[in-house]
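What follows is the residue order along each chain.
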Amino acid sequence: MGPHPAVAAIRLAVRRVLHDILIELNRTADDVTFATGTLTTAGASSAPGAPSVVGAPSAVGAPAAVDVPGSVGQAPGRYADQVPAQGTDRAPHERPAPPLVLVACSGGADSMALASALAFEAPKLGIRAGGVTVDHGLQPGSDLRADEVVLRLRELGLDPVESVAVTVGREGGPEAAARDARYAALDAAADRHGAAAILLGHTRDDQAETVLLGLARGSGIRSLSGMAAVSGADGRYRRPFLQLDRQTARKACMAQSLPVWDDPHNADPAYTRSRLRHEGLPALEKALGKGVVEALARTAQLSRDDADALDAWASQAEASVRDATGLLECAKLYALPPAVRRRILRRAAIEAGAPAGSLFARHIEEVDRLITGWRGQGAINLPGRVVAQRQGGRLVIRQG
């Protein structure tokens, strides 16, 4: 008899992501071996025992036969034989430790389900599995709660496991400040342990909430695209559960008798996301019928595809609208579609020193009017003491 359907679903989602990570590590190894002159070509190998990736992901997401180190009786793969361990000096064919993947775990149902799936799947692929829990210090006894999470992760067999305490500021509001502190701590943990990736437990429900929050802000298609399955520097953050609902994760924990912690902040109406979760989305489903969450998640993916295409177009077009000195030419900008032009303007403002998180659509619209509605108006003040003004048919964006 196989595992509970919810358990099978979370394991499959994690297996797919781990498989992707291994493929990318092997691709990186190929680049290293090419640079060092030891590239393995089809039918030949420059180093004994250095097989390449065999096959590709199957239709159901099962991992292809990828030789990786760390499993009993398993031959070392290309990554093991050719990629130096971080921070070490070793001979070209000395085998390093297997790659490490961390799970960010709060102790809630989503992240505990993720941790259990990682603990089950990682050893089968020759991957080390570890965990990090972040103590935000926002509730009494939060340090004791973090210690409990560490204990549970160790009981699952994860290693290394650690708790990291952070100080949450106030910039951008409590939710944004906590998120910034959390990601900074996770980045530091990944660097400290040399982790290849960090898994996050965001579900399809979280994605739907993110899309609605972006819609309420009126901040454009990129905001509607929600959370990416892969994000962060070099694709560090992975979200295996974006196609699974929150209830599946909770059922998986129940089926495995995993204790979970329900953060009281998630039910506190003082927080915008909490109100949306407990009042907004249920009201939408009552008015529109079931399927709202799935539709919003689908909207996120479609919006992301469109936003990525427009970003690529803007990157290609930017060079063509600058003069020999690098200034933006207003006439050439005017000829571009608004979505492309505004992306170029936003990028220019950020390069001049405007903080991306403080640069809103209304700021870019004001700058855009220097191109499309020029009537001799003065300079536009942007966040970060950046000033945009039109001079002699050129758009000058610089710190004032």
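Definitions and cut-offs
Residues numbered from 1 in each chain as written. Predicted model: local features only at pLDDT ≥ 70, side-chain atom pairs only at ≥ 80, totals over all residues. Heavy atoms only, no water. Helix = DSSP H or I, 4+ residues; strand = E, 2+ residues; numbered from the N terminus. Buried < 20%, exposed > 50% of the residue type's maximum accessible area, 1.4 Å probe, protein only. Areas by Shrake-Rupley, 256 points an atom, 1.4 Å probe, with all protein chains shown as cover. Core = buried A, V, L, I, M, F, W, Y, C linked by side-chain atoms within 4.5 Å. Contact = heavy atoms within 4.5 Å. Phe/Tyr/Trp six-rings, centres within 6.5 Å; stacked < 30°, edge-to-face > 60°. Lys NZ or Arg CZ within 6 Å of the ring centre and 35° of its normal. Pairing = 2+ DSSP bridges. Axes fitted to C-alpha atoms, helices over the stretch in contact; angles between N-to-C directions. Salt bridge = Lys/Arg side-chain N within 4 Å of Asp/Glu carboxyl O.

Notes on the overall build of the chain
Thought 1: When you go through the chain residue by residue, the secondary structure sums to 13 helices and 10 strands.
Thought 2: The buried share of the chain, reckoned over its 400 residues, is 46%.
Thought 3: For the chain, the exposed area adds up to about 20,200 Å²; of that, 54% sits on carbon and sulfur atoms.

Observations concerning the nonpolar core
Thought 1: Ranked by internal contacts, the top residues of the largest apolar core, which has 38 residues, are L18, L118, L158 and F241.
Thought 2: In terms of residue count, helix 1 (residues 5-36) provides more of this core than any other element does, 10 residues in total.
Thought 3: Sequence-distant contacts of L118, defined by excluding residues within four places in its chain, comprise V14, L18, V101, L102, V103, P123, A129, G130 and L199.
Thought 4: Residues V321, C330, L382 and V386 belong to the second largest nonpolar core, which totals 26 residues.

A closer look at unusual backbone geometry
Thought 1: Residue P160 is bonded to the preceding D159 through a cis peptide linkage, with omega at 10°.
Thought 2: The phi torsion at D234 lies on the positive side, around 55°, for a residue other than glycine.
Thought 3: Note on placement: D234 falls in the loop between strand 5 (230-231) and strand 6 (237-238).
Thought 4: Residue D234 is classed as exposed on the basis of its relative accessible area, which comes to 79%.
Thought 5: The phi torsion at S257 lies on the positive side, around 55°, for a residue other than glycine.
Thought 6: Considering the arrangement of structural elements, one finds S257 in the loop between helix 8 (246-255) and helix 9 (272-288).
Thought 7: Residue classification places S257 among the exposed positions, given a relative accessible area of 62%.

Some words on the packing of aromatic side chains
Thought 1: Applying the stated criterion to the full structure yields one aromatic pair.
Thought 2: Plain terms: the ring middles of Y183 and Y237 are 5.1 Å apart, the flat faces sit at 90° to each other, and that makes the pair edge-to-face. Of this pair, Y183 sits in helix 5 (residues 174-193) while Y237 sits in strand 6, and the two are 54 residues apart along the sequence. Note on accessibility: Y183 and Y237 belong to one class, buried.
Thought 3: The ring of F120 has R11 sitting right over it, with the charged end atom 3.6 Å from the ring centre.

A closer look at the sheet that holds strand 6
Across a sheet, paired strands are connected by hydrogen bonds in the backbone, their directions being either parallel or antiparallel.
Thought 1: Strand order in the open sheet formed by six strands is 3-2-1-4-6-5, and the pairing between neighbours is mixed. The open sheet has two edge strands with one neighbour each: strand 3 (161-165) and strand 5.
Thought 2: Of the strand pairs in this sheet, strand 1 (residues 100-104) and strand 4 (residues 197-199) are connected by three bridges, and their pairing is parallel. Paired with V101 across the bridge in strand 4 is A197.
Thought 3: On top of the sheet, helix 3 (residues 109-121) reaches strand 1, strand 2 (128-135) and strand 4; it is set at about 160° to strand 1, its chief contact.
Thought 4: The strands touched by helix 4 (residues 142-155) within the sheet are strand 2 and strand 3, with strand 2 carrying the most contacts at an inclination of about 170°.

Some thoughts on the pattern of salt bridges
Thought 1: Considering all chains together, one arrives at 27 salt bridges under this definition.
Thought 2: A salt bridge links R236 to D191, with the shortest nitrogen-to-oxygen separation between them at 2.6 Å. Of this pair, R236 sits in the loop between strand 5 and strand 6 while D191 sits in helix 5, placing them 45 residues apart in sequence.
Thought 3: Relative accessible area serves as the criterion here: at 51%, D191 is assigned to the exposed category.
Thought 4: With a closest N to O distance of 3.7 Å, D245 and R204 form a salt bridge. One end of the pair, D245, is in the loop between strand 6 and helix 8; the other, R204, is in helix 6 (residues 204-217), with 41 residues separating them in the sequence.
Thought 5: Classification of D245 by relative accessible area gives partly exposed; the value is 25%.
Thought 6: Judged by its relative accessible area of 17%, R204 falls in the buried class.
Thought 7: Overlapping salt bridges, with partners in common, bring together D206, E209, R246, R273 and R277 in one network.

Details of the sheet that holds strand 7 (residues 328-329)
Thought 1: Pairing is antiparallel across the open sheet formed by four strands, whose spatial order is 7-10-9-8. In this open sheet, the two strands that pair with only one neighbour each are strand 7 and strand 8 (380-382).
Thought 2: Relative to strand 10 (residues 394-399), strand 9 (residues 386-391) runs antiparallel, the two being bridged by six bridges. When the bridges of strand 10 are listed, V387 appears paired with R398.
Thought 3: Contacts between helix 12 (residues 338-351) and the sheet are confined to strand 7, strand 8, strand 9 and strand 10, with strand 10 contributing the most and set at about 35° to the helix.

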